[in-house]
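Close look at the chain arrangement
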Protein chains: 4
Amino acid sequence: MKDTAVLLIHCPDQQGILASVTQFLNKNNGNIIYLDQNVDRAESVFFMRVEWELDQFAIPREKISDYFETLIARKFNICFTLHFSDERPRMAIFVSKMSHCLFDILSRHSSGEWVVDIPLIISNHKDLEPVAKRFGIDFFCFTKESITKEEQENKEIALLKGKKIDLIVLGRYMQVLSDHFVSSFPNEIINIHHSFLPAFAGAKPYHAAHERGVKIIGATSHYVTADLDAGPIIAQDVVRISHVDSIENLVRKGRDLEKIVLSEAVYKHLQRKILVFNNRTIIFN
Amino acid sequence: MKDTAVLLIHCPDQQGILASVTQFLNKNNGNIIYLDQNVDRAESVFFMRVEWELDQFAIPREKISDYFETLIARKFNICFTLHFSDERPRMAIFVSKMSHCLFDILSRHSSGEWVVDIPLIISNHKDLEPVAKRFGIDFFCFTKESITKEEQENKEIALLKGKKIDLIVLGRYMQVLSDHFVSSFPNEIINIHHSFLPAFAGAKPYHAAHERGVKIIGATSHYVTADLDAGPIIAQDVVRISHVDSIENLVRKGRDLEKIVLSEAVYKHLQRKILVFNNRTIIFN
Amino acid sequence: MKDTAVLLIHCPDQQGILASVTQFLNKNNGNIIYLDQNVDRAESVFFMRVEWELDQFAIPREKISDYFETLIARKFNICFTLHFSDERPRMAIFVSKMSHCLFDILSRHSSGEWVVDIPLIISNHKDLEPVAKRFGIDFFCFTKESITKEEQENKEIALLKGKKIDLIVLGRYMQVLSDHFVSSFPNEIINIHHSFLPAFAGAKPYHAAHERGVKIIGATSHYVTADLDAGPIIAQDVVRISHVDSIENLVRKGRDLEKIVLSEAVYKHLQRKILVFNNRTIIFN
Amino acid sequence: MKDTAVLLIHCPDQQGILASVTQFLNKNNGNIIYLDQNVDRAESVFFMRVEWELDQFAIPREKISDYFETLIARKFNICFTLHFSDERPRMAIFVSKMSHCLFDILSRHSSGEWVVDIPLIISNHKDLEPVAKRFGIDFFCFTKESITKEEQENKEIALLKGKKIDLIVLGRYMQVLSDHFVSSFPNEIINIHHSFLPAFAGAKPYHAAHERGVKIIGATSHYVTADLDAGPIIAQDVVRISHVDSIENLVRKGRDLEKIVLSEAVYKHLQRKILVFNNRTIIFN
């Protein structure tokens, strides 16, 4: 596998964007190995993800951003982010007491399914420290008893910035993050909510689903924003239930949904396949 | 196929109900051809549907209800309803302008897939009169211009009672029914809502789904109660969407969901497979 | 809605195709309103669907094919087909005795959901003539008693060619078409098979599914080729079943799958969203 | 939670079975906490699972089997198995090189989601020994180089019998078991096949699925019998794919299906919710 660069682009829709971007890459010997684009007709916005090989590319990687800004982006009023395939994302996992999402993430990391570094796990409970140890990952525990929430979050932010974390995954972390914390990691915190959002936002969604008598339950992964459970949705999945399912059974069935939906979202993020626009996600193929 | 009787039962859970009911039928030569039961452990309620052949049954059909009440139901504090397979339900369909649910229902009726009489279609618009005519069914139109809502509903109730209607199907009927109307047909009005309830109750759910950026949309059929879109859910189904789907595309994909989910609910009702308890449904196998 | 042209393209993958095609359209004032493309890396083939508005397009519509062939296609060894949005496809429906697919198609046609002409229905049984009449469509019946299969097919081909039919939909048509018939309408015959192909190809798939004890059944729509049930798959869907489902119940659940999956395939075909390559389909977004 | 007993029953259908069994339990003060039954009308067979509390039950647990056989089973020609909730099943896991199923099973075991003992893991490759060590479970490796297949299986059988294993889970174990091995553990070996059986039985199903151009892929868990991939199916699930998915992508999506479907099957087995009859499974609610 050769090293590649990835551009994620959005801009007001207009003629010639696609031709200009592909020509820019072609002319400079960038072999395109992936291109996906689409236009939101209602809002007249163009979205694109393009990936090309760097080995023959005429522009040195540290100058690509500057050249693209000058030669293409300004003309079309393009917002873009640029990533390189040899950048290894650095992920932190936040957990509380439930282990299913944590095990699923660590298994994928451990087996090499995901190319990512996981320097630390943070929790508000001690319960999962043995799991962290088993996988050889540092575990930091901040309990409410010993510290205010503000102090806790400040310590966490310092820790995360110190470790150069660029993705925080909340694996059934049962504590609400402050606006200050959330705004320190914009579109870099992925949560799993154990319902089919926007249904049953907030606490105890399986109880609420049982009470309402729905015939299908779901799980939703999303970027965390200041509004609780209202950030851009990345992935959702559902499973059928019936009147014979007790709440305990919903919780059991939900666990499998939660871990798979969360991991799907994290995978898409790691692949740089997600673009956030207007509190919604474009998930490229 | 022999004529059968169906009992739908619920009562406080206690030892011996199942044995007593099945013995009652066995002793009187009622050959059981279907039995499904379950217990809600959390609320300690027993639910059951049992169907048996009438030809050798020792108790005449007009006395079954009385005997069952006296010999079994009182002892266990059982609520029950009794149905016979040779009763042909009488259904009215309410529609507005969209035809997909209407076509689906009339096709099933016309092909003999459903054993039901449909003496009339009621609408608040004239648009679908040609469809009714094509299938040879009486069409009654009440528009807001000529009549108050109260007058309209009173005429409709008189018409429905006159035709001995025992099931009203709202096939994308875009007008809210009054409490008076709803209470005249308890658990006898089935609606299709074009969202995965309780998400996006009320008007324009596809617009709301698009705005929220969900990755799955759904449809929900339910019995109509005084609370809008809050009655007991009978059936739900979902379909995946993505950022490339415009609102028009959601509407298109949703139509197929709506007609199938509504027809599934009507079928279960016609089969006497639904029991309503605490604003939830038990859907027997 | 302005009139548009649609190009469906495939060719060996190489640098510059996308840029060349989009430039060709841009330079000649063709406003692109849709573009979807992808590359099969394993086989190194480029696929694309592009749609643009004709009103300002510099090249007259009758010359587009010639110009595109000369200026672009030859250079990249492109195979392409060109369609115009104001062409109204002409569809024939073949049926036997079951009506659910026929009703579904005629309902969509009748409600204007599909923009298509349906000049005739052909059958090997008389059963569905009343349905055709109800929707005002000519019905031709060829039974085995009165005619050999070869004579029957020759008459059908003459009829279809005479009516300028360019899409044949087999709505549970229970007779195998000869190679001669199939080769007269390449990639223009869509069938629905009542199983999740390639499982349970051939006769009585629901019986076979029940016998095997599968937990999910399906339906498959595909283009018809000389090999029975082996043509390019367009759409598939599934539904869960359990040990309590009798064969009759599989048939009932399957009917809903069949009609929805068949109609989905026909819709994609009518939208010119399907490209066939190597006995597989590319289904554009 | 009180200790319970579970009866799994099947017999020729006839009047009075259900009443007799429930009376037998009621009369002896067995409080029924679960009952699910159904009748296969086509084959006239009655199936049932009943679970009751032991604390007040009049018959000592070691005599239940004898009493039930004498008083009930003989009369109705019932085949039954009896289980107790305090029996802790003993499971062995067979793996080759892929870790996703192994991680999923060990995570559930480690978190207490499953109440089961896992005394050993057996493999034909050394790759996953570190995973076994991480979870503190004995790992035995038999490679083809050092030993014939017959010797290997004899050693494995001795090991499994020595450890009193009563469930063998093949977590993507890529070696065919001999008839001798399989017949030593009837309905006690659960495999996961990476396709929607019966489609794509045998080797390389993802390659075959890609070649055939299916729009949905699946995974199937089943009991292993002498016929390869033809044993009774326990659970299946599917996921949508499209023409943009490479074989590598099918493998990636399939991994999640495989682990969830395998674990679902194992869970049902551990719960004593599965009855095998005529190479099919009855999966109680």
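Now for a quick tour of the structure.

How each quantity is defined
- Residues numbered from 1 in each chain as written.
- Chains lettered and ligands numbered in written order.
- Predicted model: local features only at pLDDT ≥ 70, side-chain atom pairs only at ≥ 80, totals over all residues.
- Heavy atoms only, no water.
- Pairing = 2+ DSSP bridges.
- Helix = DSSP H or I, 4+ residues; strand = E, 2+ residues; numbered from the N terminus.
- Axes fitted to C-alpha atoms, helices over the stretch in contact; angles between N-to-C directions.
- Contact = heavy atoms within 4.5 Å.
- Salt bridge = Lys/Arg side-chain N within 4 Å of Asp/Glu carboxyl O.
- Buried < 20%, exposed > 50% of the residue type's maximum accessible area, 1.4 Å probe, protein only.
- Least-squares fit on C-alpha atoms with pLDDT ≥ 70 in both.

All names here are of chain A. Strands sit in the order β2-β3-β1-β4 across an open sheet of four strands; the sheet is antiparallel. Of all strands in the sheet, those with a lone pairing partner are β2 (32-40) and β4 (79-84), marking the two edges. The mean angle between the axes of side-by-side strands here comes to 10 degrees, regardless of whether they run parallel or antiparallel. Taken strand by strand, helix α1 (residues 17-27) contacts β1 (4-12), β2 and β3 (45-53), and its axis lies near 15 degrees from that of β3. Contacting β1, β3 and β4, helix α2 (residues 61-76) runs over the sheet at an angle of about 160 degrees to β4.

A word on the pattern of salt bridges. Scanning the entire structure with this criterion turns up 73 salt bridges over all chains. With a shortest N-O distance of 2.8 Å, B:E258 and B:R172 are connected by a salt bridge. With B:E258 in helix α8 (residues 247-270) and B:R172 in the loop between β8 (167-170) and α6 (179-184), this residue pair connects regions lying 86 residues apart in the sequence. Given the relative accessible area of 0%, B:E258 is considered buried. The exposure class assigned to B:R172 is buried, which follows from its relative accessible area of 5%. One salt bridge connects C:K2 with C:E53, and the closest N-O pair in it is separated by 3.7 Å. Separated by 51 residues along the polypeptide, C:K2 in the segment before β1 (4-12) and C:E53 in strand β3 (residues 45-53) bring together distant segments of the chain. Given a relative accessible area of 15%, C:E53 falls into the buried group. One network of salt bridges, in which partners are shared, links A:D104, A:R108, A:E113, D:R255, D:D256 and D:K259.

Our focus in this paragraph is the relation of the copies chain A and chain C. Superposition record for chain A on chain C: RMSD 0.0 Å, screw rotation 180 degrees, translation along axis 0.0 Å. One copy is carried onto the other by what is essentially a two-fold rotation axis. Judged by C-alpha distance, A:A19 is the residue of chain A that lies nearest the rotation axis, at 2.4 Å. Most of the interface of chain A is mirrored in chain C, where 100% of its interface residues again form contacts.

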